[in-house]
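Close look at the chain arrangement
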Amino acid sequence: MKQVRPKKNLGQHFLTDLNIAKAIADTVDACPGIPVLEVGPGMGVLTQYLMPKGRELKVVEIDAESVAYLNAKYPELGDAIVGEDFLRMDLEGLFGGRKFVLTGNYPYDISTQIFFKMLDNKELIPCCTGMIQREVAQRMASAPGSKAYGILSVLIQAWYDVEYLFTVDEGVFNPPPKVKSAVIRMTRNGVDDLGCDWPLFRRVVKTVFNQRRKMLRVSLRQILPDAGAHAAFFSSAMMTLRPEQLSIPQFVELTNMVEGEMGIKN
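The paragraphs below set out a description of the structure included in this document. (Residues numbered from 1 in each chain as written. Predicted model: local features only at pLDDT ≥ 70, side-chain atom pairs only at ≥ 80, totals over all residues. Heavy atoms only, no water.)

An order of β4-β3-β2-β5-β6-β9-β7 is seen for the seven strands of this open sheet, with the pairing classed as mixed. Edge positions in the open sheet fall to β4 (81-82) and β7 (160-168), since each of these has one partner strand only. Here strand β2 (residues 36-39) runs beside strand β5 (residues 101-104); their pairing, made up of four bridges, is parallel. Looking at the pairing, Glu-38 lines up with Thr-103 of β5. Helix α5 (residues 134-141) rests against β6 (127-133), β7 and β9 (181-188) of the sheet, and its axis sits at about 135° to β6. (Pairing = 2+ DSSP bridges. Helix = DSSP H or I, 4+ residues; strand = E, 2+ residues; numbered from the N terminus. Contact = heavy atoms within 4.5 Å. Axes fitted to C-alpha atoms, helices over the stretch in contact; angles between N-to-C directions.)

Printed below as a string of structure tokens:
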């Protein structure tokens, strides 16, 4: 059977180490009893270890050549091989509204978009695992006060517990990427109500981290431009902090403070 040619425009780096493939597939065992969706299966190196788990499995692949290969190699999957763009899919109807585990060897160039889509569908996805660029994994798992702590850290950790499981070297891929990879697992943390307006929370987090070296009293003027109307707010002790110093509960508090100030005419 003819091998699929890795395509640079799709960010394809095919994993060739079967031991690592099995270890990645086994990360879904932490969330038993629900279906599994694999994103970007390529030639099925993870798929072959997900199939024997006795879980309902679907794989979504945008590359037509890979879809043809999967259909030839794993005909038993049948309609479970979905030739679509994951980022454009409606996930609600994928398993009839049931919750599922998201997993895969994610393309580096869209991994952040994949996780933002996960957040948009967090009630459907109690667990997400897989392999991504190590730098992105470190950001996702980092704690307040670290250089890696940023937008992705806060938005994901607001809803998920993040585990950095292990590092993967460049040499186990075809073609080898220029950076190391990492396998992560995210599990819903039990938070149902963040305690603030979620869209505003996202706006506040993105605004302050886009000027991460500045104090909050500087970066938040993009949201509250009339400093005079918000003098008490901007003179509070929290305003002297920089975004990497704030915990998620503090970001919730800040979001509620901003919302209160938005009721004051700018």
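Counted at 1.5 Å a residue, the expected span for helix α7 (residues 198-209) with its 12 residues is 16 Å, and the 17 Å between its end C-alpha atoms agrees. When we look at burial in α7, the residues that qualify are Trp-198, Leu-200, Phe-201, Val-204, Val-205, Thr-207, Val-208 and Phe-209. The inward-facing, buried residues of α7 contact α6 (151-157), α8 (216-219) and α10 (248-262). The N-cap of α7, judged by a side-chain oxygen 2.9 Å from the amide nitrogen of Leu-200 a few residues on, is Asp-197. (Expected span 1.5 Å × (residues − 1). Buried < 20%, exposed > 50% of the residue type's maximum accessible area, 1.4 Å probe, protein only. Polar contact = N/O pair within 3.5 Å; in protein donor to acceptor, adjacent residues only side chain to side chain.)

Another aspect to go through is the packing of α7 against α10. Axes are the key here: two packed helices are described by the angle between their axes and the distance separating the axes. Packing of α7 against α10 leaves a shortest axis separation of 9 Å and a crossing angle of 105°. Viewed along their axes, α7 and α10 adopt a mutual orientation that is roughly perpendicular. For the pair α7 and α10, the contacting residues are Leu-200, Phe-201, Arg-203, Val-204, Val-205, Val-208 and Phe-209 in the first and Ile-248, Phe-251, Val-252, Leu-254, Thr-255, Val-258, Glu-259 and Met-262 in the second. Split by residue class, the contact of α7 with α10 holds 12 nonpolar, one polar and two charged. (Parallel < 35°, antiparallel > 145°, perpendicular 65-115°, else oblique. Nonpolar A, V, L, I, M, F, W, Y, C, P; charged D, E, K, R; others polar.)

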